[in-house]
Amino acid sequence: AGLPHIARAAGPRFVVVGGGPAGATTAKYLKRMDPAAEVTLIEANPTYTTCFMSNEVLAGDRDIATLQVGYDGLRGHGVTVVHDRVTGIDADAKTVATAGGESLAYDRVVVAPGIDFRYDAIEGYSAEAAEVMPHAWKAGPQTTLLRQQLEAMDDGGTVIVSGPPNPFRCPPGPYERISLIAHYLKRHKPRSKILVLDAKDKFSKMPLFLQAWEQFYGYGTDNSMIEWVSKTDGGTVTAVNPATMEVTAVAGTFKGDVVNIIPPQKAGALAFEAGLVEDGWAPVNKGTFESLVTPGVHVLGDSSVAASMPKSGSSANSQAKAAAAGALALAKGEAPPVPHLANACYSIGGPDFGFSVAAVYAYDDFENALKPVAGAGGVSPLDAGAEARRRELFYAHSWFENIKADIWG
Amino acid sequence: LLAAAQEAAGDPTVEVMAGACTFCHGPDGNGLGAATPSIAGLPVETFEYMMQSYREDMNPSTVMGRIARGYDDEQITALAVYFGDKPFERLPQPWIDQALVAEGKDLAAEYCESCHENEGRDGEGVGILAGQKLQYMRFSVADFLSGAREMERRQARKFRDLMDDHGPDGFEKILNYYASVK
Ligand SMILES: Cc1cc2nc3c(=O)[nH]c(=O)nc-3n(C[C@H](O)[C@H](O)[C@H](O)COP(=O)(O)OP(=O)(O)OC[C@H]3O[C@@H](n4cnc5c(N)ncnc54)[C@H](O)[C@@H]3O)c2cc1C
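Residues numbered from 1 in each chain as written. Chains lettered and ligands numbered in written order. Predicted model: local features only at pLDDT ≥ 70, side-chain atom pairs only at ≥ 80, totals over all residues. Heavy atoms only, no water.

1. Quick notes on the overall build of chain A
Right, so step 1: Broken down by element type, chain A carries nine helices and 25 strands.
Right, so step 2: The C-alpha radius of gyration of chain A comes to 21 Å, within 12% of the 22 Å expected for a compact globule of 409 residues.
Right, so step 3: Look at the contacts in chain A between residues 6 or more apart in sequence, and 66% of them connect residues 24 or more apart.
Right, so step 4: One way to put it: in chain A the 35 positive side-chain charges average out to a point 4 Å from where the 44 negative ones average out. (Helix = DSSP H or I, 4+ residues; strand = E, 2+ residues; numbered from the N terminus. Rg over C-alpha atoms; globule rule 2.2 N^0.38 Å. Contact = heavy atoms within 4.5 Å. Lys, Arg positive; Asp, Glu negative; His and termini not counted. Charge placed at Lys NZ, Arg CZ, Asp CG, Glu CD.)

Okay, structure coming up:
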């Protein structure tokens, strides 16, 4: 309850659901692009905790407070921010309903609820089991829990990390996590091991991660801190038992002292409740991010199918500008702009060891595709050398400060 | 082309395109991060030159080569006009060593000011040093000194003189000074 009364302004009315990178950027840029627009952001939590750089928290190299942002920045741009949970969208009446019992009218609505987990894909795994075997794939208390477990573990313990099948939030994220947990263990619990049970045979930036693992963690030797079990070798996790700390994969059952299950994923619950999903994710027009299922509703960020753009904070931020411009144009009966977007993700493999993947995307309206521009993009060169890796770590941390400012500042 | 691009600066297509730069460079091209350079307020030709030289791998970069190859000349001009119109913001850089600034100012006057005019705020085709990120300028100087980034003859002579007279500390003082300019 207690939603502010919203007077009808001259501009179009937008309701944005979800104050993560996708939703918060859209709300901010709607106001920037048209100060007369009436923009209401509905976000469940008063504070957002970024997943990006949360792996540094796990390593003990960063305070979780640096991941936390509030919404006063958006209020300063003229966005009305409401903390409530959206329970449904009535696309015929053009209203959004909240758990607090409010109903908000819109001309266009933007839905960016992020991901949810396919708990049913792993027998024994659930929201309750995640209190013992954290996913830490939505940052906040789960991040703190996994950090505490790593700190409490004895030297010589085994950390099990499960790699999810595609598509999932942040393709390089699990491997950065493995690297940074190894970085922590090497300094504090050097006899410990990390067992990676993966549902894939290859992963994002794989040669660069393997280079880091060889350089820092003995990968490829008998003394490797990290053991990676691919899908072909039976890495796919099928069941867990939180009571015994056992993880069952195709290859067999393993016992961990700390178990980090990164489950298979799907679009955020609201995208399902609002009927925007096909095959687990929300299909959209990739020029405007308008739903292909329900007109007038835009879906972007991790919830949408924006393949070939990976599910990342940078992608969400870039897409949000196209969604804002597109929604504004459509609300006014104008032609939406043709987007030219980009993604870039930094990863940290160890001390002074940063690297990146980047791509630029041009919209092809005939095929409804965001196509990587040929000749552009790619990963940091494998032979770039120590100085380039050192610089990319600086740039990774700069990216983190600058994207936070661009989204919530 | 320029007139067309000027018009395009208010165009949503350009704003969306520029939105693919700001998650690294910060809102309107000005970031708080310690290393990524601010890209606001550059003269259009300087901005175009930097993008083109990244694209052709004529200028060393960690990531900009991979990014710049995603834009044609017309798009680069539109981006140059868009960011050129934004003020270069001199955001706080708490890592600056204030103890080096006064001496750096004197050294800069002697070795750099002939090209980096008005306390490094402008100058013909030289970018902006005043308030630019300290860490980025260190990387740039390292690249000039190693030969990875090309220098014109007069600039190279000044770099050599400064190195001979004051060593690496001389550069450190100058860069802390330029970073501190408000
Ligand atoms: C370990 C890790 C590391 C990562 N590192 C990087 C990185 O280095 N670079 C990068 O670019 N990306 C990174 N990512 C990915 C990035 O975090 C996600 O892609 C990004 O958060 C997606 O943004 P979003 O807005 O779509 O979703 P989310 O960030 O999940 O935001 C959704 C928001 O919607 C709210 N919400 C959901 N349902 C409702 C409802 N019904 N009512 C009201 N509010 C609701 C939620 O509370 C949440 O705040 C990483 C992810 C992980 C897990």
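2. Details of the site of the ligand
Residue and element names in this part refer to chain A.
Right, so step 1: Around the ligand lies a shell of 35 residues, among which Glu 43, Tyr 48, Arg 169, Asp 302 and Gly 313 are the nearest.
Right, so step 2: Residue Val 86 places a main-chain N or O atom 2.9 Å away from a nitrogen atom belonging to the ligand.
Right, so step 3: Relative to its unbound accessible surface of 1,000 Å², the ligand loses 94% to contact with the protein.
Right, so step 4: Of all the elements in the fold, those that place two or more residues in the shell around the ligand are helix 1 (21–33), strand 2 (38–43), helix 2 (54–58), helix 8 (313–331) and strand 22 (340–350).
Right, so step 5: A breakdown of the residues in the shell around the ligand according to their chemical character gives 17 nonpolar, 11 polar and seven charged. (Near = heavy atom within 4 Å. Polar contact = N/O pair within 3.5 Å; in protein donor to acceptor, adjacent residues only side chain to side chain. Areas by Shrake-Rupley, 256 points an atom, 1.4 Å probe, with all protein chains shown as cover. Nonpolar A, V, L, I, M, F, W, Y, C, P; charged D, E, K, R; others polar.)

3. Describing the environment of Gly 101 of chain A
All names here are of chain A.
Right, so step 1: Mapped onto the secondary structure, Gly 101 falls in the loop between strand 7 (95–98) and strand 8 (103–105).
Right, so step 2: Classification of Gly 101 as exposed rests on a relative accessible area of 62%.
Right, so step 3: Through-space distance from the C-alpha of Gly 101 to that of Thr 87 is 9.3 Å; in sequence the pair is 14 residues apart. (Buried < 20%, exposed > 50% of the residue type's maximum accessible area, 1.4 Å probe, protein only.)

4. With respect to the packing of helix 7 (residues 101–111) of chain B against helix 10 (residues 153–180) of chain B
Residue and element names in this part refer to chain B.
Right, so step 1: The interhelical angle for the contact between helix 7 and helix 10, taken along N-to-C directions, is 125 degrees, at an axis separation of 7 Å. Put simply, helix 7 runs oblique to helix 10. Seen along the crossing, helix 7 lies across helix 10 with a hand that is left-handed. Two secondary-structure elements touch here, helix 7 through Val 101, Glu 103, Gly 104, Lys 105, Leu 107, Ala 108, Glu 110 and Tyr 111 and helix 10 through Lys 158, Asp 161, Leu 162, Asp 165, His 166, Gly 170, Lys 173, Ile 174, Asn 176, Tyr 177, Tyr 178 and Ser 180. (Axes fitted to C-alpha atoms, helices over the stretch in contact; angles between N-to-C directions. Parallel < 35°, antiparallel > 145°, perpendicular 65-115°, else oblique. Left-handed = near helix turned anticlockwise from the far one by under 90°.)

5. Quick word on the interface of chain A and chain B
Many authors give the size of an interface as the accessible area that is lost as the parts come together.
Right, so step 1: Taken together, the 44 residues of chain A in the interface contact 36 residues of chain B.
Right, so step 2: Both faces combined, the contact of chain A with chain B buries some 3,000 Å², and carbon together with sulfur accounts for 60% of it.
Right, so step 3: Seen at the junction of chain A and chain B, the total is four salt bridges.
Right, so step 4: Across the pair Arg 32 of chain A and Glu 15 of chain B runs a salt bridge whose closest N-O atoms are separated by 3.0 Å.
Right, so step 5: In this structure, the connection of chain A to chain B is made through 20 residue pairs in polar contact (both at pLDDT 80 or more).
Right, so step 6: For the side of chain A that touches chain B, the leading source of residues is helix 9 (residues 386–408) of chain A, giving 14 residues.
Right, so step 7: Looking at the side of chain A that touches chain B, its residues break down into 23 nonpolar, 12 polar and nine charged. (Buried area = accessible area lost by both parts, 1.4 Å probe. Salt bridge = Lys/Arg side-chain N within 4 Å of Asp/Glu carboxyl O.)

6. So, the sheet that holds strand 15 (residues 246–249) of chain A
Residue and element names in this part refer to chain A.
Right, so step 1: Here three strands make up an open sheet; going across it, the order is 14-15-16 and the pairing antiparallel. For this open sheet the edge positions go to strand 14 (237–241) and strand 16 (252–255), each flanked by a neighbour on one side alone. When strand polarity is set aside, the average angle formed by the axes of neighbouring strands in this sheet is 20 degrees.
Right, so step 2: Both strand 15 and strand 16 contribute to a ladder of four bridges, which runs antiparallel. The partner of Ala 249 across the bridge, within strand 16, is Gly 252. (Pairing = 2+ DSSP bridges.)

7. Quick word on the pattern of salt bridges
Residues and elements named next belong to chain A.
Right, so step 1: Within the structure shown, the criterion is met by 30 salt bridges over all chains.
Right, so step 2: For the salt bridge of Asp 107 with Arg 13, the shortest nitrogen-to-oxygen distance reads 3.4 Å. Placement of Asp 107 in the loop between strand 8 and strand 9 (108–111) and of Arg 13 in strand 1 (residues 13–17) is noted, with a sequence separation of 94 residues between them.
Right, so step 3: Under the relative-accessibility criterion, Arg 13 is labelled buried at 18%.
Right, so step 4: For Arg 62, the salt bridge goes to Glu 56, with nearest N and O atoms at 2.9 Å.

8. A look at helix 6 (residues 73–84) of chain B
Residues and elements named next belong to chain B.
Right, so step 1: An ideal rise of 1.5 Å per residue puts 16 Å on 12 residues; helix 6 measures up with 16 Å between its terminal C-alpha atoms.
Right, so step 2: Burial analysis of helix 6 places nine of its 12 residues in the buried class, the great majority of the element.
Right, so step 3: Taken together, the buried positions of helix 6 are occupied by Gln 75, Ile 76, Thr 77, Ala 78, Leu 79, Ala 80, Val 81, Tyr 82 and Phe 83.
Right, so step 4: Where helix 6 begins, the capping side chain belongs to Asp 72, and its oxygen is found 3.2 Å from the backbone nitrogen of Glu 74. (Expected span 1.5 Å × (residues − 1).)

9. Describing empty space enclosed by the protein
Right, so step 1: Going through the model one piece at a time under the given rule, you end up with one cavity of 30 Å³ or more.
Right, so step 2: Considered as a void within the structure, the largest cavity measures approximately 40 Å³ in volume.
Right, so step 3: Contributing to the lining of the largest cavity are Tyr 29 and Arg 32 of chain A together with Glu 15, Ala 18, Gly 19, Thr 22, Asp 28 and Tyr 82 of chain B.
Right, so step 4: Looking at the lining of the largest cavity, the elements with two or more residues in it are helix 1 of chain A together with helix 2 (12–18) of chain B.
Right, so step 5: Of the residues in the lining of the largest cavity, the class split is three nonpolar, two polar and three charged. (1 Å grid on protein atoms, 1.4 Å probe; cavity = no way out; pocket = protein on both sides within 12 Å on 5 of 7 lines; lining within 4 Å. Points joined across faces, edges and corners; volume = space filled by probe spheres on them.)

10. Quick look at a negative patch on the surface
Residue and element names in this part refer to chain B.
Right, so step 1: Residues Asp 106, Glu 110, Asp 161, Asp 164 and Asp 165 make up a contiguous surface patch of negative charge.
Right, so step 2: Mapped by element, the contributors of at least two residues to the negative patch are helix 7 and helix 10.
Right, so step 3: Among the elements that line the negative patch, the one with the most residues is helix 10, at three residues.
Right, so step 4: Structurally, Asp 164 can be placed in helix 10. (Patch = residues over 30% accessible without salt bridge, like charges linked within 9 Å, V, L, I, M, F, W, Y side chains within 5 Å.)

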